[in-house]
Amino acid sequence: KTSTPPENINSITAIDGYIVNGNVQLICNGKIYVGNTDIRGIAKVDLIDSMIEDCTVRVVGTDDTYDYDQGKDTPWKHTMRSLKGQRVINPYTDIAADIADDSTNDGKSVAEIMDLVIDTLGPEAVNIAGEFDLFSDFGANTTATDAAQKVRVLAESAFAAKVEIEKADFEDLQVRLF
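A quick note: this is a predicted structure, and the numbers were derived from the prediction, not measured.

**Details of the sheet that holds strand 3 (residues 23–28)**
Step number 1: Ordered by their spatial adjacency, four strands build an open sheet running 4-3-6-8, and the pairing between neighbours is antiparallel. The two strands at the open ends of the sheet, each matched to only one other strand, are strand 4 (31–36) and strand 8 (79–82). Each strand axis lies, on average, 20° off the axis of its neighbour in the sheet, ignoring direction.
Step number 2: In this sheet, strand 8 lies alongside strand 6 (residues 55–60) in antiparallel orientation, the contact comprising four bridges. Counted as the bridge partner of valine 57 is serine 82 from strand 8.

**Thoughts on the sheet that holds strand 9 (residues 88–89)**
Consider a sheet: its strands pair through backbone hydrogen bonds, and that pairing is either parallel or antiparallel.
Step number 1: With mixed pairing, three strands are arranged side by side in an open sheet as 5-1-9. A strand with exactly one partner marks an edge of an open sheet, and here the two such strands are strand 5 (42–46) and strand 9.
Step number 2: In this structure, strand 1 (residues 9–14) lies alongside strand 9, joined through two bridges in parallel fashion. Each residue of the ladder has a partner; that of threonine 13, found in strand 9, is valine 88.

**Some remarks on unusual backbone geometry**
Step number 1: Even without glycine at this site, asparagine 21 takes up a positive phi of about 65°.
Step number 2: On the secondary structure map, asparagine 21 appears in the loop between strand 2 (19–20) and strand 3.

**Comments concerning helix 2 (residues 110–121)**
Step number 1: The end-to-end C-alpha separation of helix 2 is 17 Å, in line with the 16 Å expected for twelve residues at 1.5 Å each.
Step number 2: Check the buried side of helix 2 and you find it contacts helix 1 (91–101) and helix 3 (123–129).
Step number 3: The first or second residue beyond helix 2 is glycine 122, which carries a positive phi of 105°.

**Some details on the confidence of the model for the chain**
Step number 1: Here the chain shows a mean pLDDT of 80. Residues at 70 or above account for 80%.
Step number 2: Mean pLDDT across the elements of the chain ranges from a minimum in helix 4 (residues 146–177), with 65, to a maximum in strand 2, with 94.
Step number 3: Low confidence marks residues 1–6, where pLDDT is under 50. Its contacts with residues over four positions away, or in another chain, come to two contacts.

**What about the state of the cysteines?**
Step number 1: If you walk through the whole model with that rule in mind, you get one disulfide.
Step number 2: At a sulfur-sulfur separation of 1.8 Å, the disulfide partner of cysteine 28 is cysteine 55. In this structure, the disulfide formed by cysteine 28 and cysteine 55 twists by about 105° around the S-S bond and is classed as right-handed. Taken as a pair, cysteine 28 in strand 3 and cysteine 55 in strand 6 lie far apart in primary sequence, 27 residues in all. Neither residue differs from the other here; cysteine 28 and cysteine 55 are each classed as buried.

Calculation criteria
Residues numbered from 1 in each chain as written. Predicted model: local features only at pLDDT ≥ 70, side-chain atom pairs only at ≥ 80, totals over all residues. Heavy atoms only, no water. Pairing = 2+ DSSP bridges. Helix = DSSP H or I, 4+ residues; strand = E, 2+ residues; numbered from the N terminus. Axes fitted to C-alpha atoms, helices over the stretch in contact; angles between N-to-C directions. Expected span 1.5 Å × (residues − 1). Contact = heavy atoms within 4.5 Å. pLDDT = per-residue confidence, 0-100. Disulfide = S-S within 2.5 Å. Buried < 20%, exposed > 50% of the residue type's maximum accessible area, 1.4 Å probe, protein only.

Here you go:
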């Protein structure tokens with residue numbers, strides 16, 4: 001009997017409210033490593049720790065996936081991504097991944113991408129975010145501070161707006177095609 005060394009188990013946390021039963025995928029050099037999120041939004045993924053830096057990270061919702069804050073009766077059927085090597089997936093990291101996809105941002109640091117996320121969200125985001133690490137598990141800190149609660153509300157609002165925009169673009173495309 002063999003056991004997996006503890007250093008090979010990585011935790012990835014998915015948050016929009018914690019995402020429960022989400023399919024977390026780390027894509028590393030064409031190989032996919034998967035895990036499913038638990039009630040705390042945490043997926044355990046068997047991957048050598050040093051490899052995670054080169055992996056793209058995403059959570060994909062299925063029929064059984066839900067946002068813990070919304071409850072089981074409200075399926076969460078979305079995809080959220082993060083920057084390579086990150087261990088948290090949240091609405092801010094999803095915006096960051098979209099920004100990083102733009103070739104004009106090639107070579108920018110995580111801090112520079114985070115600044116672009118705040119710029120994208122508008123001037124009030126600077127006041128709300130302050131020194132808070134937007135790429136962290138802000139859900140774990142929600143009850144700790146007023147700032148964490150504001151960061152969480154902004155994140156959920158930003159992701160809800162992105163979903164609505166994507167839905168509107170799809171419906172607009174359908175109208176144009178049919």
